[in-house]
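Single-letter residue listing:
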Amino acid sequence: HFLPSGEYKEGAWNKEYVFLHHTAGWHNPYQCIDNWANDDRGSIATEFVLGGPSIKGNDDKYNGVLVQSFPEGGYGWHLGKNGSQHMHIHSVGIEVCNFGYIVNGKTYAGQVADDSQIVTLPKEFRGHKTWHRYSNKQIEILKNWILFIAERDNINVRAGLPALIKEKGIEAFEWNEDAYYGKVKGLWTHTNTRKDKVDMFPQQELIDMLISL
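As a starting point, this report considers the structure included with it. Numbering of residues begins from 1 in every chain and follows the order in which that chain's sequence is written. Given that this is a predicted model, residues contribute local features only at a pLDDT of at least 70 and side-chain atom pairs are listed and counted only at 80 or more, while totals for whole chains, interfaces and linings are drawn from all residues. To get the side-chain values, take all heavy atoms of the structure and skip hydrogens and water.

Details of helix α4 (residues 161-168)
Count 3.6 residues to each turn of an α-helix, and residues three or four apart come out pointing the same way.
Piece 1. Burial classification: accessible surface area is computed with a 1.4 Å probe over protein chains only, and a residue below 20% of its type maximum counts as buried, one above 50% as exposed, and the rest as partly exposed. A run of H or I in DSSP counts as a helix once it spans at least four residues, and a run of E counts as a strand once it spans at least two, with each numbered from the N terminus. Restricting attention to buried positions, one finds in α4 the residues Leu161, Pro162, Leu164 and Ile165. The buried residues of α4 all sit within an arc of 160° when viewed along its axis, so they share a single face. Relative to its buried face, α4 has exposed residues pointing more than 90 degrees away, namely Lys166 and Glu167.
Piece 2. Turning to α4, the residues buried within the fold contact β9 (187-189) and α6 (204-211). The arc in question is the one spanned by the directions pointing from the helix axis to the C-beta atoms. By definition in these notes, contact holds between two residues if any of their heavy atoms fall within 4.5 Å.

Structure (structure tokens):
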């Protein structure tokens with residue numbers, strides 16, 4: 001479901017990093033890409049978007065549906081301000097459809113979350129304990145996708161966040177200087193390079209998947 005020309009950067013750039021994001025929005029990956037196509041922010045996008053269940057708990061149509069938004073080798077401005085322009089161009093990104101933190105049963109946008117879509121962490125992450133749950137299907141497909149990209153682009157996806165989790169536990173999801181400056185090639189989340197982001201939180205099932213790579 002490719003973006004129009006001009007909404008991403010073309011080329012055949014070799015990739016050295018993988019970055020995980022979540023959308024802070026609804027569950028339809030096609031709609032997410034369409035929103036990128038119709039906004040006025042330019043070529044801000046990731047190569048892949050992974051659909052999920054509706055926050056309302058009433059729609060699984062897109063749960064685990066992985067959609068490609070531009071051709072292999074291209075890139076979008078998906079990392080924002082960081083310490084490495086090289087990393088931005090030479091990274092592959094995936095957006096996981098997920099609203100993020102939940103406060104008093106509602107998303108930041110005011111949408112009521114079904115109980116089936118809520119997970120409570122044992123410890124706060126970026127100021128919140130309650131989050132929109134990553135589904136089992138999302139985590140399953142995310143693992144398959146990571147391993148596919150590792151083989152396609154010859155990236156060591158066990159380096160970076162997965163290795164750091166084994167050393168620091170959930171603290172590995174916080175801002176990391178080596179990630180910010182692109183010093184460690186491998187797999188990271190957007191939160192590792194931005195102190196102001198809250199995407200990709202340390203849900204236990206996600207942690208288990210990452211250390212199993």
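Alright, that's what it looks like, and here's the rest.
A look at the pattern of salt bridges
Piece 1. The term salt bridge refers to a pairing of a side-chain nitrogen on Lys or Arg with a carboxyl oxygen on Asp or Glu at a separation within 4 Å. Applying the stated criterion across every chain yields a total of nine salt bridges.
Piece 2. One salt bridge connects Lys185 with Glu16, and the closest N-O pair in it is separated by 3.5 Å. Here Glu16 lies in the segment before β1 (17-22) and Lys185 lies in the loop between α5 (177-180) and β9, a separation of 169 residues in the sequence.
Piece 3. For Lys185, a relative accessible area of 45% puts it in the partly exposed group.
Piece 4. What makes Glu16 buried here is its relative accessible area of 16%.
Piece 5. One salt bridge in this structure joins Arg126 and Glu174, with 2.8 Å as the shortest N-O distance. You can see Arg126 sitting in the loop between β7 (118-125) and β8 (128-132) and its partner Glu174 sitting in the loop between α4 and α5, a full 48 residues away along the chain.
Piece 6. Beyond isolated ion pairs, a larger network of salt bridges with shared partners links Glu47, Glu72, Arg152 and Asp153.

Here we look at the nonpolar core
Piece 1. Formed by 40 residues in total, the largest nonpolar core has its most connected members in Leu20, Leu142, Trp145, Ile146 and Leu210.
Piece 2. Mapped onto this core, the elements with two or more residues apiece are β1, β2 (48-50), β4 (91-96), β7, α3 (136-153), α4, β9 and α6.
Piece 3. The biggest single contributor to this core is α3, with seven residues.
Piece 4. For Ile146, the contacting residues outside a window of four places in its chain are Leu20, Val157, Leu187, Met209, Leu210 and Leu213. The nonpolar core is taken to be a set of buried Ala, Val, Leu, Ile, Met, Phe, Trp, Tyr and Cys residues, with the residues joined through side-chain atoms within 4.5 Å.

Details of the environment of Gly76
Piece 1. Take Gly76: it is sitting in the loop between β3 (66-68) and α2 (85-89).
Piece 2. Note on Gly76: relative accessible area 1%, which makes it buried.
Piece 3. For the pair Gly76 and Leu121, spaced 45 residues apart in the sequence, the C-alpha separation amounts to 32 Å.
Piece 4. Setting aside residues no more than four positions away along its own chain, Gly76 makes contact with Ser43, Ala45, Phe70 and His88.

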